[in-house]
Structures are given as C-alpha cells and as structure tokens.
Amino acid sequence: MASYVRQRLAEIRADPALRWRPIKRPTLRKQAGVAARWVAVLAQDKRLLIVIHLVDQERTVTDLVSQVGVRQTTLSKHLSVLVEHGIVECRAEGTWHYYSCKSEDAKAVIRLLDDLARNDKLPEISPGTRQRT
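Calculation notes
- Residues numbered from 1 in each chain as written.
- Predicted model: local features only at pLDDT ≥ 70, side-chain atom pairs only at ≥ 80, totals over all residues.
- Heavy atoms only, no water.
- Salt bridge = Lys/Arg side-chain N within 4 Å of Asp/Glu carboxyl O.
- Helix = DSSP H or I, 4+ residues; strand = E, 2+ residues; numbered from the N terminus.
- Buried < 20%, exposed > 50% of the residue type's maximum accessible area, 1.4 Å probe, protein only.
- Patch = residues over 30% accessible without salt bridge, like charges linked within 9 Å, V, L, I, M, F, W, Y side chains within 5 Å.
- Areas by Shrake-Rupley, 256 points an atom, 1.4 Å probe, with all protein chains shown as cover.
- Core = buried A, V, L, I, M, F, W, Y, C linked by side-chain atoms within 4.5 Å.
- Contact = heavy atoms within 4.5 Å.
- 1 Å grid on protein atoms, 1.4 Å probe; cavity = no way out; pocket = protein on both sides within 12 Å on 5 of 7 lines; lining within 4 Å.
- Points joined across faces, edges and corners; volume = space filled by probe spheres on them.
- Nonpolar A, V, L, I, M, F, W, Y, C, P; charged D, E, K, R; others polar.

Asks: How should I be thinking about the pattern of salt bridges in this particular structure?
Replies: Where side chains of opposite charge bring their charged atoms close, a pairing between them can arise. Summed over the entire model, instances satisfying the criterion amount to four salt bridges. Salt-bridge contacts for Arg91 lead to Glu58; the nearest nitrogen and oxygen are separated by 2.4 Å. Taken together, the residues Arg91 in strand S2 (residues 88-93) and Glu58 in the loop between helix H3 (45-54) and strand S1 (59-60) connect sequence positions 33 residues apart. Given a relative accessible area of 34%, Arg91 falls into the partly exposed group. Measuring nitrogen to oxygen at the nearest pair gives 3.4 Å for the salt bridge that ties Lys107 to Glu104. Residue Lys107 and its partner Glu104 are located together in helix H6 (residues 104-118), separated by three residues, close to a single helical turn. Judged by relative accessible area, which is 15%, Lys107 ranks as buried. By sharing partners, the salt bridges in this structure join Glu58, Arg91 and Glu93 into a single network.

Asks: What should I look at first to understand a nonpolar patch on the surface in this one?
Replies: A cluster of nonpolar side chains, Tyr4, Val5 and Leu9, forms an exposed patch at the surface whose accessible area comes to about 280 Å². Position of Val5 among the secondary structure elements: in helix H1 (residues 2-14).

Asks: What is the right way to read the nonpolar core from this model?
Replies: Nonpolar side chains tend toward joint burial in soluble globular proteins. Counting residues in each nonpolar core, the largest one holds 20 residues, and the members touching the most others are Val51, Leu79 and Ile87. Within the residue set of this core, elements represented by two or more residues are helix H2 (28-43), H3, helix H4 (61-68), helix H5 (72-84), strand S3 (96-101) and H6. Residues within four places of Leu79 in sequence aside, it is in contact with Ile50, Leu54, Val61, Leu64, Val88 and Tyr99.

Asks: I'm lost on the layout of surface pockets in this one. Help?
Replies: Gaps left between atoms are located by rolling a probe of water-molecule size over the structure's atoms. One number sums up the size of the largest pocket: a volume of about 680 Å³. Every residue lining the largest pocket is counted, 22 residues in all, and those nearest its centre are Leu42, Asp45, Leu48, Ile52 and Leu113. Broken down by secondary-structure element, the contributors of at least two residues to the lining of the largest pocket are H2, H3 and H6. Looking at which element gives the most residues to the lining of the largest pocket, the answer is H6, with five residues. Among the residues forming the lining of the largest pocket, the class breakdown is 13 nonpolar, three polar and six charged.

Structure (structure tokens):
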C-alpha cells in the first residue's frame, strides 16, 4: 500500500495537470450581480405567475395562456427568458411543448413568497411607488 501511495505522489509531482489547485470562488460582487439578475427575472409579475403555475406540474403554452392572461406571443417571450436563465425547462412531445419549473431555488422562492402571503407578511406597496400593469 505504501509503495502505491509513493508511486501516485510521484505521478502527481511529475504531471502538473494532476496537482490540486484551489478553486477560485466568485467574489461577493460577482455573486451579488448574478443573484440580482436572477431575481430581476422573477421580479416581473407575469414571469413570477408563470413559475407559480409551473412549480407543481408541467403545462403547455395553451394552459398557461388561460392561466396567466396574456397572448401567446407574450407568453412565449417570457418562457424563453425563463428557459434562458435555467428556471424553466421545456420538453417536446410531438407538436406539443411542455414546460416545468426545474430550478429548486426558484421553487424555494415561490414557497417563501407563498408563506409570507399566507401569513399576511408581504410588504404593502407605498402610495408613491409606481406599479406597472
């Protein structure tokens, strides 16, 4: 056993590619930037509503159009943004496309917001704040 360990250590010393290198962790500034972009994607009310409907089961665009209340083209644009950010995934079956929420982080955010809403702990929007419709 000891000879194997010595041999393996010699191989590692000889080949720089086998040496352990510390992992460079992203800086807090980069992590904050990534988090801000991800939250901004979910901050749009229609996209948040889409994800809420996709948390428990996959749905087609037709299902989502009636539930979210937007036109198909608008919904498709929102879905493409959600797919691009890895929050939603698409599965094709024949001519149908089925969407589902694949991000466990997004599901956790939805659960947190649901808990806050159920306990009346969501903050009120102040009268001076403009809200898009």
